[in-house]
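Letter by letter, the chains look like this.
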Amino acid sequence: YLPAGQWFEPTSGTLHKGGAPVLVEASLDQLPLFYRAGSVVPTREVQQYIDQSPLRTLELTAVPGSDGSYRMTTDDGLTRDGAQQHSLFTLRGDRLKIELPRAGGASSIQRLKVRVAGLAEGAEVAFNGQKARVKDGWVIFTADSGVLSW
């Protein structure tokens, strides 16, 4: 059962309507996972330990259908009192505002890989004057602050 609203299943790329039971396939090594409309979920490539590699590509999954925001805090990953950086992701309608740490900070993020739930393969997405088409569910841009629209 999913509560009322729209839900996105990232493993399959399926959108589900809440307020009713939902039957999904799940293997023993894959936990069923659902993101509610209005969610912005940052992820990264799998690592075996915390400082295996710096964060070069930030993956964002945005689920339209409701407004929402997420504040991400990053640090050096090694010390308890290292400098922190903050990124803010704000979802409003068909736009995702991305605010990354200002230049001069220690951010290692070079690419943004963005998935917008419900966008069809080949759909056009714009970010800071650049345009890209959805391929395999994602669009990729050089990391920067700006507004992504579809």
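Residues numbered from 1 in each chain as written. Predicted model: local features only at pLDDT ≥ 70, side-chain atom pairs only at ≥ 80, totals over all residues. Heavy atoms only, no water.

## Structural notes on the sheet that holds strand E4 (residues 40-43)
Ordered in space as E4-E5-E9-E12, the 4 strands form an open sheet in which the pairing is mixed. One side of each edge strand has no neighbouring strand; the edge strands of this open sheet are E4 and strand E12 (139-142). For this sheet, the mean inter-axis angle between neighbouring strands, taken without regard to orientation, is 25°. Note that strand E9 (residues 111-116) and E12 share 4 bridges and pair antiparallel. Bridging across to E12, Arg111 finds its partner in Thr142. (Pairing = 2+ DSSP bridges. Helix = DSSP H or I, 4+ residues; strand = E, 2+ residues; numbered from the N terminus. Axes fitted to C-alpha atoms, helices over the stretch in contact; angles between N-to-C directions.)

## Overview of the environment of Val22
Following the sequence through the fold, Val22 ends up in the loop between strand E2 (14-17) and strand E3 (35-36). We classify Val22 as partly exposed; its relative accessible area is 23%. Once the C-alpha coordinates of Val22 and Leu2 are considered, the two residues, 20 residues apart in sequence, prove to be 6.8 Å apart. (Buried < 20%, exposed > 50% of the residue type's maximum accessible area, 1.4 Å probe, protein only.)

## A look at the sheet that holds strand E7 (residues 85-92)
Sheet strands pair by backbone hydrogen bonding; their relative direction is either parallel or antiparallel. Sheet architecture is open: 6 strands sit in the order E6-E7-E8-E13-E10-E11, paired in antiparallel fashion. The open sheet has two free edges, formed respectively by strand E6 (68-74) and strand E11 (130-133), since each of these has just one partner strand. Strand after strand, the sheet turns through a mean of 15° between neighbouring axes, direction not considered. With 5 bridges connecting them, E7 and strand E8 (residues 95-99) associate as antiparallel partners. In the sheet register, Thr90 faces E8, and the bridge partner there is Lys97.

## With respect to the environment of Leu148
In this structure, Leu148 sits in strand E13 (residues 146-149). Assessed through its relative accessible area of 0%, Leu148 is described here as buried. Between the alpha carbons of Leu148 and Phe89 there is a distance of 10 Å; along the sequence they are 59 residues apart. Not counting residues within four places of it along the chain, the set of residues in contact with Leu148 comprises Asp94, Arg95, Leu96, Val114, Val116, Val125, Ala126, Phe127 and Phe141. (Contact = heavy atoms within 4.5 Å.)

## Some details on the pairing of strand E1 (residues 6-9)
Where E1 lies against E2, 4 bridges are found, and the strand directions are antiparallel. Within E2, the residue paired with Gln6 across the bridge is Lys17. With 2 bridges connecting them, E1 and E3 associate as antiparallel partners. Bridging across to E3, Phe8 finds its partner in Tyr35.

## Examining the pattern of salt bridges
According to the stated counting rule, one finds 4 salt bridges in the structure shown. For Glu124, the salt bridge is made with Lys131, and the minimal N-O distance between the two is 3.8 Å. Of the residues examined, Glu124 reaches a relative accessible area of 38% and is grouped as partly exposed. (Salt bridge = Lys/Arg side-chain N within 4 Å of Asp/Glu carboxyl O.)

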